[in-house]
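A look at the structure
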Amino acid sequence: MLQIVKALIPTPIKRAIRPAISAPHEYWAQYSARRESRRQEVERVARRRSAAMRYYDQRLRMIEEWAPKHTEESNFYYDITDRNKDYLAHTIAVVTSKNWAEVRSFIRELDEDQALRRHIVAALREIEPHAEIDVAYGRRCGWYAIARALKPAVLIETGVDLGVGSCILAAALLRNAKEGFPGRYFGTDNRPDAGQLFSGHYAAQGSILYGDSLDTLKAFTEPIDLFINDSDHSPEYEAREYDTIAAKLSPKAIMLGDNSHSTDCLSRFSTEQNRRFLFFKEEPKNHWYPGAGIGISY
Ligand SMILES: C[S@@+](CC[C@H](N)C(=O)[O-])C[C@H]1O[C@@H](n2cnc3c(N)ncnc32)[C@H](O)[C@@H]1O
């Protein structure tokens with residue numbers, strides 16, 4: 001009978017169970033060691049995954065809260081952390097040779113400008129009456145502080161969108177003018193409806209030049225003190241903007257790249273033109289967006 005059963009068992013199975021029959025103690029010891037090692041490996045991977053996820057859990061929760069809201073779909077509005085503003089002030093102090101306290105006070109000045117905030121909120125409400133948009137300026141507070149420290153006579157921002165940057169920059173020019181340093185703002189955008197927020201006394205600080213940014217920059221004849229790139233974010237277009245204005249920069253010109261977290265165009269341009277380059281990384285406050293930054297060529 002046993003012989004018949006043995007003959008019915010397929011050879012691979014016979015091979016597999018032979019060690020368990022011939023040396024059962026040794027076999028079971030090895031079997032439990034393998035099981036224990038597999039259990040430890042599963043535990044190790046779970047521990048590492050949970051350590052890494054601690055950096056993302058809060059952000060994933062913020063995505064869940066943000067997604068159902070009726071807020072902006074892109075070009076997100078968020079504030080940056082206070083520590084980030086302190087670091088930004090240090091970066092700008094280096095770039096503009098000002099002291100930290102003065103630069104930090106420019107950032108505070110923007111935060112406390114209630115008239116500007118009311119203007120932007122009211123204009124946004126007119127455009128999108130049902131939106132729950134909470135305006136905050138993010139890294140644009142760095143653009144503002146640089147405009148305040150540098151006192152540019154001519155400032156260009158390529159890419160206007162609704163005009164949050166335009167209003168902030170115009171607010172900086174308004175303060176500069178009160179201190180005896182007038183300047184003009186030029187925005188470029190190829191969307192005929194861009195700049196809806198740029199109105200009132202902010203709009204009196206300059207104008208939006210409609211059309212393709214490269215065409216506008218080619219036709220621009222005045223020396224540029226502050227240049228902010230924020231239009232077409234492809235690396236090719238960004239690089240072409242820098243090349244187009246290279247010969248139009250004034251001796252004290254500062255260039256800001258809004259794409260420097262994803263391309264090295266401004267860094268390469270700076271090296272080629274014998275200019276210095278720094279990158280400031282923003283740290284959004286209570287927002288899932290990981291943050292962009294400001295490339296600074298000076
Ligand atoms: C990221 S938004 C600008 C945001 C704005 N700087 C702010 O502070 O809110 C980019 C804008 O660039 C414009 N744009 C894209 N390609 C362009 C081009 N080739 N020439 C001019 N404007 C362009 C878009 O229409 C859009 O309004």
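Residues numbered from 1 in each chain as written. Predicted model: local features only at pLDDT ≥ 70, side-chain atom pairs only at ≥ 80, totals over all residues.

Each domain of the protein chain was delimited in the assignment, giving domain 1 (19-55) and domain 2 (77-297). Put simply, the middle of domain 1 and the middle of domain 2, counted by C-alpha atoms, are 56 Å apart. (Domains from an automatic or database assignment.)

In the neighbourhood of the ligand, 18 residues make up the surrounding shell, with Gly-159, Asp-161, Gly-165, Ser-213 and Asp-232 lying closest. Residue classes in the shell around the ligand are distributed as 3 nonpolar, 7 polar and 8 charged. (Near = placed C-beta within 6 Å. Nonpolar A, V, L, I, M, F, W, Y, C, P; charged D, E, K, R; others polar.)

All right, on to unusual backbone geometry then. Of note, Asp-161 is a non-glycine position whose phi angle comes to about 55 degrees, a positive value. Relative to the helices and strands, Asp-161 is located in the loop between strand S1 (154-158) and helix H9 (164-178). With 19 C-beta atoms packed within 10 Å, Asp-161 lands in the partly exposed category. One non-glycine residue, Asn-286, adopts positive backbone phi at about 50 degrees. You can see Asn-286 is positioned in the loop between strand S6 (277-281) and strand S7 (293-297). The exposure class of Asn-286 is exposed, given the 11 C-beta atoms found within 10 Å. (Helix = DSSP H or I, 4+ residues; strand = E, 2+ residues; numbered from the N terminus. Buried ≥ 20, exposed ≤ 12 C-beta atoms within 10 Å, placed from the backbone.)

Attention now goes to the environment of Leu-209. Within the secondary structure, Leu-209 sits in strand S3 (residues 206-210). By the C-beta count within 10 Å, which is 18 here, Leu-209 ends up partly exposed. Sequence-wise, Leu-209 and Thr-158 are 51 residues apart; in three dimensions their C-alpha atoms are separated by 9.4 Å. Those residues in contact with Leu-209 that lie beyond four places of it in its chain are Phe-186, Gly-187, Thr-188 and Thr-216. (Contact = placed C-beta atoms within 7 Å.)

Further remarks concern the sheet that holds S1. Pairing is mixed across the open sheet formed by 7 strands, whose spatial order is S3-S2-S1-S4-S5-S7-S6. At either margin of the open sheet sits one strand with a lone partner, and together these are S3 and S6. Across the sheet, the axes of successive neighbouring strands diverge by a mean angle of 15 degrees, strand direction being ignored. Note: strand S4 (residues 224-229) against strand S5 (residues 249-257), 5 bridges, orientation parallel. Paired with Ile-224 across the bridge in S5 is Leu-249. Across the sheet, helix H13 (residues 265-272) touches S5, S6 and S7, and the angle it forms with S7 is around 10 degrees. (Pairing = 2+ DSSP bridges. Axes fitted to C-alpha atoms, helices over the stretch in contact; angles between N-to-C directions.)

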